[in-house]
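Given next are the chains, with one letter for each unit.
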Amino acid sequence: MQFTLRRSRFTVGVLALGFVCLGIASAYAQSGAADQQLKARVEKRLSDRKVRSIKVAAHDGSVTLAGPIASVGAKQDLVADILKVDGVKEIVSELTIGKAESDRALGERVADQVRRSSYFTVFDEVEIGVDNGVVTLTGFVTQPIKSEDLARRASHVDGAQDFVNHLEVLPASLGDDRLRNIIANAIYRDPAFSNYASQTIPPIHIVVRNSNVLLTGVVNSEVERRQAENIVRGISGIFGVQNSLRVEK
């Protein structure tokens with residue numbers, strides 16, 4: 001009887017261990033099924049966005065995205081969108097951005113996008129820097145929406161590896177707005193510059209902050225450069241003038 005009792009206890013122990021193993025296997029199976037379902041949801045989102053060539057892996061709510069993508073802006077948009085998929089807790093990005101043929105070519109494409117912005121006017125000044133595919137915008141704009149639009153455009157140019165926005169939004173001021181319009185009218189109605197007025201974005205830009213004026217852009221001669229400054233200095237209500245106009249060579 002004693003031998004039988006001990007053997008029974010051993011048998012019960014083996015059965016208990018078997019139940020534990022089955023429980024672990026069941027948990028792994030459920031986890032694997034959940035991962036596959038999450039992967040399928042992410043792949044559907046990619047398909048809906050018409051994003052191709054991106055590989056997806058999922059584990060415990062962590063999703064890894066791998067493959068080529070056009071720009072840093074496109075990468076940021078994709079990551080933000082996939083984070084909205086039900087069950088996604090984090091994104092591990094292994095996305096790769098193809099490089100532009102040169103920094104110069106990339107800069108020219110960014111400049112074209114800046115010019116295409118319906119928000120960009122002669123009252124804004126934007127400088128574009130490109131270093132090993134990293135695009136930096138500096139300068140001045142009159143409204144926050146302009147900074148946002150230009151940043152979006154620049155960061156989505158194919159080949160942009162990264163993006164830095166150093167655009168300064170000028171403070172809202174009715175007095176500065178008034179001076180901007182007065183200066184623009186005075187310059188572009190002058191016979192020396194009337195040929196520029198018909199351009200979509202005339203080349204002389206007028207930055208006004210706290211009644212101080214910065215002239216930037218390009219003119220055809222040193223005579224035009226000095227004439228623009230003289231026109232501005234003849235307007236009342238201006239505290240100071242900085243002439244940074246360049247002569248086109």
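See the structure printed just above.
The structure presented is a predicted model; accordingly, all values stated were derived computationally and were not measured.

1. Focus: the sheet that holds strand 4 (residues 125-131)
- Ordered in space as 4-5-6, the three strands form an open sheet in which the pairing is mixed. The open sheet is flanked by strand 4 and strand 6 (162-169), the only strands paired with a single partner. Sheet twist, expressed as the average angle between the axes of neighbouring strands with direction ignored, equals 10°.
- Bridge analysis of strand 5 (residues 134-141) against strand 6 gives eight bridges, and the strand direction is parallel. Residue V134 lies in a different strand from strand 6, and its bridge partner there is D162.

2. Observations regarding the nonpolar core
- Core analysis: the largest hydrophobic core is formed by 34 residues, its most contacted members being V42, V63, L65, V110, V126 and L137.
- Here this core gets four residues from one element, more than from any other, and that element is helix 2 (residues 72-82).
- Aside from chain neighbours lying at most four places away, what touches V126 is V114, F120, L137, T138, V141, L150 and L167.
- Counting residues in hydrophobic clusters, the runner-up holds 22 residues, among them F193, I204, V213 and I231.

3. Some thoughts on the packing of aromatic side chains
- Under the definition given, this model contains one aromatic pair.
- Between the aromatic rings of F193 and Y196, the centroid separation amounts to 6.1 Å while the plane-to-plane angle is 25°, which identifies the pairing as stacked.
- When its relative accessible area of 4% is taken as the criterion, Y196 is described as buried.

Thresholds, definitions, all that
Residue numbers restart at each chain and count upward from 1, following the sequence in its written direction. It should be noted that, the model being predicted, local features are given only for residues of pLDDT at least 70 and side-chain atom pairs only at 80 or more, the latter also being counted only at that level, while totals for whole chains, interfaces and linings use all residues. With hydrogens and water stripped out, all remaining heavy atoms of the structure feed into the side-chain values. Strand pairing is defined by DSSP finding a minimum of two bridges between the two strands. Where helices and strands are cited, they refer to DSSP runs of H or I of at least four residues and of E of at least two residues respectively, numbered from the N terminus. Fitting a line to C-alpha atoms yields each axis, with helices limited to the stretch in contact; the angle taken between N-to-C directions then spans 0 to 180 degrees. For this analysis, a nonpolar core means a set of buried residues of the types Ala, Val, Leu, Ile, Met, Phe, Trp, Tyr and Cys, connected via side-chain atoms within 4.5 Å. Burial here depends on accessible area, computed with a 1.4 Å probe over protein chains only, as a share of the maximum for the residue type. Under 20% is buried, over 50% is exposed, and the range in between is partly exposed. Only heavy atoms enter the contact rule, under which two residues are in contact if any of them lie within 4.5 Å. Two rings belonging to Phe, Tyr or Trp (six-membered ring only in the last case) form a pair when the distance between their centres is within 6.5 Å. Interplanar angles under 30 degrees mark stacking, angles over 60 mark edge-to-face geometry, and anything in between is tilted.

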